[in-house]
Amino acid sequence: MGKRPAVAMLWTGYALTAVWAMSIRVALGFYPLGEPRPFLLRPFAFSVGLIVANAVTLFFAWKVRGDAPPRTRARTAWLLIAISAAAEIVRYGLLRAAASRLGAPSPGSVPLFPLSAAAGLIATALLLIAFGALWSAFRPLGLGRLGVAHWIGIAAIVATIPVLLKLPAQGAQALGALAPARLPLIVRLQQFDPVLIAGCAIAGIFLVRTGKDAGRGPLAAGFRCVGLFGLVRMAALVVPLIPVSGIQWIEVPATGAGIASDWLITLAVYYRWRLTIESRELTARLAPD
Amino acid sequence: MQHGFTEQEWMEFSEGAMGASSRSRLEAHLAVCAECAAKLDAIRVWHQRLSTEGERLRVAMELPEIDRERMLAQSLERIAAEYPSAERRGPAEALAALRALLGPVFGAGMIRAAVDAALERGAPGGINAASWSAFAAELREMIQPACGLAAGFLALRAAMSLAVADR
Ligand SMILES: [Zn+2]
């Protein structure tokens, strides 16, 4: 497949998953709790889109890992991204299983919700480490040096962390009946989630800068996707907190874009794989066998 | 070397990447030497053509497979045609052609950074026919950790396809 159709397909996947997430959110207002909803509007349904995104990420990240020289930071980074995608698949799988069980909770059963939350945390933490390793792979060449504007952006992200840390507590309250099902340890671990997302946003700034220094090409395009990933995840957390009337109109799309943002990592990994493909093609052209 | 300026300096000047003191020295010389002014014009025109070809190569990379094959071949042919004949070919020409070839894949900034680092490590005494292959090997070493094995191999192959002659 050509590059453009493939990229267009991945963006379509992102848009569809985001719209799906949004319509489920809107449907919550129309169908009272407990009333049957059409299958596609059940809360867990859009996880199909996210499972597909992470399966594609896993596939390409593993291929890119094979192209990175042994014992390099880049190789570790691509391995971590592959494991992170696998953890996300487990997470959404568990979420689906948990949602299908909601009606009939059986005592002594496996705590699926906390397990899926743990898988999500692990996935984000691995991504964060991988982004750092990728950035450091370009540093020896002098790429990715931050300017004043970048540091101001990072300071702004860091400044929102205390506000974001109050979120999981509110979320646990909102869950009400479900809250006892969560392991106390996981609830405490979830406090780190906003910190991890803020970390991804900061890593995005580093990588966008690296891509800008590298100049136009697949590298820069991939790093821009990572930057956008950090941005939309951050926006999904921050936008609902903005005390402006009418913010709910932005909140729904912002949350949808944030939930579906796994596709941006898929795009980033695909762009990096294109670098390998294009290198091989040009090599073959330069020295036809 | 022409009138006290190295090939590296000519290239840096034509790309606007030269340090202030060397630049004013070369500018002062250009004002009084018609031969060097003509050489600089030729280098600039040639760079312009090469970067246009590099741009076409970038476009070719984006195309569907069938068109890509054809466009890539044509683009490479034109870059090869722009590459001077053996007796006129020097380090500056080789480096410029290398950038035109690899810039579309890695990005112009990435390739400039990798070339600079490889020149420093592989050819600290300057580029010539003897140090070119050491430079090519270093270029591969610079690119591989960040961009992967296929990218490193491409850099090596591209550099080795642009043999440098001593003049
Ligand atoms: Zn002169």
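You'll find the structure just up there.
Residues numbered from 1 in each chain as written. Chains lettered and ligands numbered in written order. Predicted model: local features only at pLDDT ≥ 70, side-chain atom pairs only at ≥ 80, totals over all residues. Heavy atoms only, no water.

Asks: I would appreciate a short explanation of the overall build of chain A in the present structure.
Replies: Helix and strand counts for chain A come out as 11 helices and 0 strands. Starting at the N terminus and ending at the C terminus, chain A contains elements arranged as α-α-α-α-α-α-α-α-α-α-α. When each of the 289 residues of chain A is scored for burial, the buried share is 47%. Here the contacts in chain A between residues at least 6 apart in sequence split such that 77% fall between residues at least 24 apart. For chain A, the accessible area works out to roughly 13,900 Å², and carbon and sulfur atoms hold 71% of it. (Helix = DSSP H or I, 4+ residues; strand = E, 2+ residues; numbered from the N terminus. Buried < 20%, exposed > 50% of the residue type's maximum accessible area, 1.4 Å probe, protein only. Contact = heavy atoms within 4.5 Å. Areas by Shrake-Rupley, 256 points an atom, 1.4 Å probe, with all protein chains shown as cover.)

Asks: Where do I start with the interface of chain B and chain A in this structure?
Replies: For interface size, the figure often reported is the accessible area lost on association. With 38 residues of chain B in contact, the opposing surface of chain A contributes 34 residues. Both faces considered, chain B and chain A share a buried interface measuring about 3,000 Å² in area, 61% of it formed by carbon and sulfur atoms. Applying the counting rule to chain B against chain A returns 2 salt bridges. The shortest N-O distance in the salt bridge between B:Glu55 and A:Arg216 comes to 2.5 Å. Inspection of the region where chain B meets chain A yields 7 residue pairs in polar contact (both at pLDDT 80 or more). At the level of secondary structure, the elements contributing two or more residues to the side of chain B that touches chain A comprise helix H3 (34-62), helix H4 (65-82), helix H5 (91-106), helix H6 (108-122), helix H7 (132-147) and helix H8 (149-161) of chain B. (Buried area = accessible area lost by both parts, 1.4 Å probe. Salt bridge = Lys/Arg side-chain N within 4 Å of Asp/Glu carboxyl O. Polar contact = N/O pair within 3.5 Å; in protein donor to acceptor, adjacent residues only side chain to side chain.)

Asks: Mind showing me how you'd approach the coordination of the zinc ion here?
Replies: Any two of four tetrahedral donors ideally make an angle of 109.5 degrees at the metal, while pairs among six octahedral donors ideally make 90 or 180 degrees. Residue and element names in this part refer to chain B. Taken together, His 3 (ND1), His 29 (NE2), Cys 33 (SG) and Cys 36 (SG) make up the protein donors of the zinc ion, found 1.9 to 2.3 Å from the metal. Considering all 4 donor atoms around the zinc ion, angles at the metal cover 101 to 115° and the coordination shape is tetrahedral. The sequence pattern formed by the donor residues of the zinc ion is H-x25-H-x3-C-x2-C. One end of the pair, His 3, is in the segment before helix H1 (7-14); the other, His 29, is in helix H2 (residues 20-32), with 26 residues separating them in the sequence. Exposure remark for His 3: the relative accessible area of 41% places this residue in the partly exposed category. (Donors = N, O, S within 2.8 Å, 3.2 Å for Na, K, Ca; no water. Tetrahedral: all angles 85-135°; square planar, octahedral: opposite > 155°, others 65-115°.)

Asks: Explain a nonpolar patch on the surface here, please?
Replies: Residue and element names in this part refer to chain A. Together, Trp 11, Leu 228 and Leu 231 give the surface a local cluster of nonpolar side chains, amounting to about 270 Å² of exposed area. Structurally, Leu 231 can be placed in helix H9 (residues 218-238). The exposure class assigned to Leu 231 is exposed, which follows from its relative accessible area of 57%. (Patch = residues over 30% accessible without salt bridge, like charges linked within 9 Å, V, L, I, M, F, W, Y side chains within 5 Å.)

Asks: So what exactly am I meant to see when it comes to the nonpolar core here?
Replies: Among soluble globular proteins, nonpolar side chains are generally buried collectively. Counting 96 residues, the largest nonpolar core has B:Leu102, B:Phe106, B:Met110, B:Phe135, B:Leu139, B:Ile143 and B:Cys147 as its most contacted members. Apart from residues lying up to four places away in sequence, B:Ile143 is in contact with B:Phe106, B:Met110, B:Ile111, B:Ala114, B:Gly148, B:Ala151, B:Gly152 and B:Ala155. Counting residues in each nonpolar core, the second largest holds 13 residues, with A:Leu146, A:Ala201, A:Ile205 and A:Phe206 among its members. (Core = buried A, V, L, I, M, F, W, Y, C linked by side-chain atoms within 4.5 Å.)

Asks: What is the right way to read the environment of A:Ala155 from this model?
Replies: All names here are of chain A. Along the chain, Ala 155 falls in helix H5 (residues 148-165). In this structure Ala 155 comes out as partly exposed when scored by relative accessible area, which is 45%. Residues Ala 155 and Ile 202, 47 residues apart in the sequence, show an inter-C-alpha distance of 9.3 Å.

Asks: Before we go on, may I ask you to explain the side chain of B:His29 in this structure?
Replies: On the basis of relative accessible area, B:His29 is assigned to the buried category, the value being 19%. Not counting residues up to four positions away in its chain, the partners in contact with B:His29 are B:His3, B:Phe5 and B:Cys36.

Asks: Looking at this structure, I do not really get the packing of aromatic side chains. What am I missing?
Replies: Within a pair of aromatic rings, the relevant descriptors are the distance that separates the centres and the angle that separates the planes. Residues and elements named next belong to chain A. By the definition in use, this model includes 8 aromatic pairs over all chains. A ring pair is formed by Phe 138 and Phe 223, whose centres lie 5.5 Å apart and whose planes are at 85°; its orientation type is edge-to-face. Of this pair, Phe 138 sits in helix H4 (residues 112-138) while Phe 223 sits in helix H9, and the two are 85 residues apart along the sequence. The burial state of Phe 138 is the same as that of Phe 223; both residues are buried. Among the aromatic side chains, those forming a connected cluster through ring pairs are Phe 59, Phe 60 and Tyr 270. (Phe/Tyr/Trp six-rings, centres within 6.5 Å; stacked < 30°, edge-to-face > 60°.)

Asks: What should I look at first to understand the packing of helix H11 (residues 262-286) of chain A against H5(B) in this one?
Replies: To characterise two packed helices, one gives the angle between the axes of the helices and the distance between these axes. Viewed as axis vectors pointing N to C, H11(A) and H5(B) meet at an angle of 155°, and their least axial separation amounts to 9 Å. Taken together, H11(A) and H5(B) sit at an angle that is classed as roughly antiparallel. When H11(A) is examined against H5(B), the residues A:Leu275, A:Glu278, A:Ser279, A:Leu282 and A:Leu286 are found in contact with a partner set consisting of B:Leu101, B:Val105 and B:Phe106. In terms of residue class, the contact of H11(A) with H5(B) is built from 6 nonpolar, 1 polar and 1 charged. (Axes fitted to C-alpha atoms, helices over the stretch in contact; angles between N-to-C directions. Parallel < 35°, antiparallel > 145°, perpendicular 65-115°, else oblique. Nonpolar A, V, L, I, M, F, W, Y, C, P; charged D, E, K, R; others polar.)

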